[in-house]
Each structure stands twice: as C-alpha cells, then as structure tokens.
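# Structural overview for review
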Amino acid sequence: MDIRFLGAHNCETSTIKLATLLIDDTLAIDAGALTSSLSIEAQLQLKAVLLTHQHYDHIRDIPAIAMNALFYETDIHVYSTKAVQEALATHWLNGTTYANFLEKPEGNPRIKFTIIEPNQAFQIDAYKILAVPVNHSVPTVGYQITSPDGKVFFYTADTGPGLAECWQYVSPQLLITEVTAPNRYEAFGRRSLHLTPNLLKDELVSFQKLKGYLPPVVLVHMNPRQEKEIEAEIAALAEELGTGITLAYEGLQINL
Ligand SMILES: [Zn+2]
Ligand SMILES: [Zn+2]
C-alpha cells in the first residue's frame, strides 16, 4: 500500500499544505490539499474521499473538486459521518457560498455522498475501512485502512488526549497521528483537543499496554512555526519509547 502525504501541516503557504493522505492514488483521507496537489487526471482517478471531520483544514477542497467534477462530467464519491455531511450542506454547499453539488445537477449530483457509521466496517473496492471516533472538538473519526494484500494503517485525524477506547478497535502496522504544538502548549492541547509530544506519549504508552506492541508512528498537523521545537521533543520521545516516530512532510511517500 502506497501512502502519500499531500499535506502534513495545520496551516498553508506556498510550500506547506494541509494534512491530506492519498492511498494507492485512489483513496484520499481529508481534502485540505487535494486540488492544489493533484493534476486533474489524478483528481479524476480518485475512487473516494474519506472525511474525518468538518473543520475547514480537512474539508477545504470538497467544493473545488466538485466543480472540477462538474466540468469534467464525472462524479466525486465522498464518505463521512452525518455530522460532516450536514456541516457541508448547511454552510458551504448551500447555494449561497457555493453551488450545492449535493443536489446539482438535478437528478445527478456531482458529489455522491455516502454516510458512514462509526465502528461499522465497510469496503471500497478491495479496501476494508473502519471509522473509529476520536476525541476532538467536533465529532471526528479516525480511519483504519486495510489494503487488498492485508497491510493496515490507522490515521487518528485531529485528536486530543483519550485514545484508549479507540485503540481497542484497531491493530495497525503503521500509526499516523497528529502533534499540533510543542510541550509548552499542553494547556492549549487539552483545551482545543490536539496533541503535544508529551500528550502523545501517554497515548502511545496506553496503546502499548493494551496491544503489546508499538507500530512506527508518523505525525502530521504540525504548526510550521513551532516545527523545529516539536521535532526535537519527538526525537527525545522516540528514543525514550524505543520506537520510530517521524514527522511527515509534503510529498513523503511510505510503502507499507
Ligand atoms: Zn480539527
Ligand atoms: Zn485540523
């Protein structure tokens, strides 16, 4: 399974993009860096876009990719929980801020939406997918993806502390999660439900206790201004836990 990080941060400039994953060129998780990273051919090749939650940095390119789908006369298949679909329908695809691609063109809307239920496995082609709720400021799910040849990764999406419940349902060979800020921002992390290196440590310790192993960990959603500080704290944490923890970057490709 080929995992490409189209974006790895929580902010955007000309060189950094919003956290977005592309799997085997066919599945995307989140839409913060889809249209800005992919050629039109690559966009049209997508089988599905899985959304984790309704925050702007994760849904940003849904209207844009729907507009491309309209002009290229194709469909874009989007999967999310009811909460995310409702947020998109109410605030963005409402005929006011942008066209309502959930209903337009009439009778054959360009966005084909599938509402998913947390903790109920489903399949897209030969990929097995499980959405697992995590602890964030709006309803959020992480996704465990199992490839046709049995490779498994879990992406927590944006999350704060408290993943012990979620670990019960997943058994990844690779864990992709977030660290938004360095340790001195722990109060911010607890308040806004994001992780710092120290908060991540608690979650990894609880994973290891429950599952008896620690997979390699790749991080996204870093605040670019504090990335050097995060990187140093993560290097110390990786050494302490004896496992590989690395920061993703735009264009990073992992073959699982
Ligand atoms: Zn968020
Ligand atoms: Zn975010």
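Refer to the preceding data block for the structure.
A few points on the structure.

As a further point, take the coordination of the zinc ion (ligand 2). The coordination sphere of the zinc ion (ligand 2), as far as protein atoms go, consists of Asp57 (OD), His58 (NE2), Asp158 (OD) and His221 (NE2), spread over 2.1 to 2.2 Å. Here the zinc ion (ligand 2) is ringed by four donor atoms whose angles at the metal span 89 to 170°, and the overall shape comes out irregular. Sequence positions of the residues that donate to the zinc ion (ligand 2) give the spacing D-H-x99-D-x62-H. The zinc ion (ligand 1) is placed at 3.5 Å from the zinc ion (ligand 2), the two being bridged by Asp158.

A word on the pattern of salt bridges. Applying the stated rule across the entire model yields ten salt bridges. Between Arg60 and Glu12 there is a salt bridge whose closest N-O contact spans 2.8 Å. Separated by 48 residues along the polypeptide, Arg60 in the loop between α2 (56-59) and α3 (62-71) and Glu12 in the loop between β1 (2-7) and β2 (20-23) bring together distant segments of the chain. Exposure remark for Glu12: the relative accessible area of 39% places this residue in the partly exposed category. Among the ionic contacts, a cluster of salt bridges with common partners joins Glu12, Arg60 and Asp61.

It is worth spelling out the coordination of the zinc ion (ligand 1) at this point. On the protein side, the zinc ion (ligand 1) has His53 (NE2), His55 (ND1), His136 (NE2) and Asp158 (OD) as donor atoms, found 2.2 to 2.3 Å from it. Given four donor atoms and angles of 92 to 161° at the metal, the environment of the zinc ion (ligand 1) is assigned as irregular. Counting residues between consecutive donors of the zinc ion (ligand 1) along the chain gives the motif H-x1-H-x80-H-x21-D. Its relative accessible area of 2% is what places Asp158 among the buried residues.

About the cut-offs
Residues numbered from 1 in each chain as written. Chains lettered and ligands numbered in written order. Predicted model: local features only at pLDDT ≥ 70, side-chain atom pairs only at ≥ 80, totals over all residues. Heavy atoms only, no water. Donors = N, O, S within 2.8 Å, 3.2 Å for Na, K, Ca; no water. Tetrahedral: all angles 85-135°; square planar, octahedral: opposite > 155°, others 65-115°. Salt bridge = Lys/Arg side-chain N within 4 Å of Asp/Glu carboxyl O. Helix = DSSP H or I, 4+ residues; strand = E, 2+ residues; numbered from the N terminus. Buried < 20%, exposed > 50% of the residue type's maximum accessible area, 1.4 Å probe, protein only.

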